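Summary of the model geometry
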Amino acid sequence: MAKDLTLEQTFEKLEETIAKLEAEDISLEASFKAYQEGMKLIQSCNDKIDKIEKEVLKINENGDLDEF
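Described below are features of the structure shown in this document. (Residues numbered from 1 in each chain as written. Predicted model: local features only at pLDDT ≥ 70, side-chain atom pairs only at ≥ 80, totals over all residues. Heavy atoms only, no water.)

Below, the discussion takes up the overall build of the protein chain. Counting its secondary structure elements, the protein chain contains two helices and zero strands. Burial analysis of the protein chain (68 residues in total) assigns 19% to the buried set. Restricting to contacts in the protein chain with at least 6 residues of sequence separation, those with at least 24 account for 60%. Accessible area of the protein chain: about 5,500 Å², with a carbon and sulfur share of 55%. (Helix = DSSP H or I, 4+ residues; strand = E, 2+ residues; numbered from the N terminus. Buried < 20%, exposed > 50% of the residue type's maximum accessible area, 1.4 Å probe, protein only. Contact = heavy atoms within 4.5 Å. Areas by Shrake-Rupley, 256 points an atom, 1.4 Å probe, with all protein chains shown as cover.)

In structure tokens:
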């Protein structure tokens, strides 16, 4: 799911998940499910950011546009 989203879309989904967790009427089961979803979204964000950082480091190191 999160792998197919852009970084911006993943952040939006994460914000929605945080809003669910902040709701006063959320059940324990729903909060645990939302927490797990949020952790997957965070991992997806980290993976995407790491990939972008590696590409940028490669560009800075060689001065060209080779992907890492």
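Right, picking up where we left off after that structure.
Turning next to a nonpolar patch on the surface. Taken together, the side chains of Leu 21, Phe 32, Tyr 35, Met 39 and Ile 42 present a nonpolar region at the surface, about 470 Å² in accessible area. The dominant element in the nonpolar patch, judged by the number of residues it contributes, is helix α2 (residues 28–62), at four residues. Secondary-structure assignment places Ile 42 in helix α2. (Patch = residues over 30% accessible without salt bridge, like charges linked within 9 Å, V, L, I, M, F, W, Y side chains within 5 Å. Salt bridge = Lys/Arg side-chain N within 4 Å of Asp/Glu carboxyl O.)

Before going further, it helps to spend a moment on a negative patch on the surface. Together, Glu 8, Glu 12, Glu 15 and Glu 16 make up a negatively charged patch on the protein surface. Note that Glu 16 resides in helix α1 (residues 7–22). Exposure remark for Glu 16: the relative accessible area of 47% places this residue in the partly exposed category. (Lys, Arg positive; Asp, Glu negative; His and termini not counted. Charge placed at Lys NZ, Arg CZ, Asp CG, Glu CD.)

With that out of the way, let us pick up the side chain of Thr 17. Following the sequence through the fold, Thr 17 ends up in helix α1. Judged by its relative accessible area of 1%, Thr 17 is buried. Engagement of the side chain of Thr 17 in a polar contact is seen with the backbone oxygen of Lys 13, the distance being 2.9 Å. Here Thr 17 is in contact with Ala 34, Glu 37, Gly 38 and Leu 41, once residues within four sequence places are set aside. (Polar contact = N/O pair within 3.5 Å; in protein donor to acceptor, adjacent residues only side chain to side chain.)

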